[in-house]
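# Summary of structural features
Listed here are the chains, written in short residue letters.
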Amino acid sequence: MMRRTIAIALCAGVLASCAAKKPEPRPEPVAPATAAAPPPALPSGTVGQETLTATATVVNVNLKTRHVTLKDADGKKFTIVAGPEVRNLAQVKKGDVLRVTYRESIAYQVSKPGQAQPGASASRDVSHAPLGAKPAGSVTNTVSVRVTIAAIDKAHSEATLRGSQGKTTVVKVKDPSKLDAVQVGDIVDVTYTEALAIAVEKAGGK
């Protein structure tokens, strides 16, 4: 009788122990975090660019007065004054060809506020031909203006820009979808570049 009671007690203890050690339910798998979609790239690009080239033939050169008489492709004659910045004028002869190339462009870059205050800057780069060579050179003027987007009108594809002096300008946006990537308060850097290159070539292009 005692053995039977002990056996029942042991069985009960074993069952209780088994009940206490039930395997815990597996945790539900955690879904991987979905990466946040990157913000749309801020717009940048060139809104206008133009290059013009013209030629004229040298008819006469007056070294004392530095007057140079030219004839364009239509046969029309005109006179220019070569300033002191024009080197090697003595190398220019009748029949030489004056080639002028003019280029202008307007570029823009949008950035988030807090990087700098609106303002403007200008620079000039001048190059000359080496002494003794035919006159040649170029002048590049660059003007940069930093403005703030003051208002956005998507219905009319327009943006209002405010300068450092508080003056506002309304511009028409060629690509309305670019307005989706900007907000009021964003900064726009506008860079205007104007370049003029002049070269004198020997008669016959030699």
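Here, the structure is the one placed above.
Anyway, here's the lowdown on the structure attached to this text.

Calculation notes
- Residues numbered from 1 in each chain as written.
- Predicted model: local features only at pLDDT ≥ 70, side-chain atom pairs only at ≥ 80, totals over all residues.
- Heavy atoms only, no water.
- Helix = DSSP H or I, 4+ residues; strand = E, 2+ residues; numbered from the N terminus.
- Contact = heavy atoms within 4.5 Å.
- Buried < 20%, exposed > 50% of the residue type's maximum accessible area, 1.4 Å probe, protein only.

### Section: the environment of Ala195
- Tracing the backbone shows Ala195 in strand β9 (residues 187–201).
- Distance in space between the C-alpha atoms of Ala195 and Glu104 is 6.3 Å, their sequence separation being 91 residues.
- If near-sequence neighbours (up to four positions away) are discounted, Ala195 is found in contact with Thr101, Tyr102, Arg103, Val139 and Thr140.

### What to know about the environment of Leu179
- By the secondary structure assignment, Leu179 is in the loop between β8 (168–172) and β9.
- Separated by 22 residues in the primary sequence, Leu179 and Ser157 place their C-alpha atoms 7.6 Å from one another.
- Aside from chain neighbours lying at most four places away, what touches Leu179 is Ile152, Asp153, Lys154, Ser157, Glu158, Ala159 and Val173.

### So, the side chain of Thr193
- Within the secondary structure layout, Thr193 lies in strand β9.
- Residue classification places Thr193 among the buried positions, given a relative accessible area of 14%.
- Residues in contact with Thr193, not counting those within four places in the same chain, are Arg103, Glu104, Ser105, Thr140, Asn141 and Thr142.

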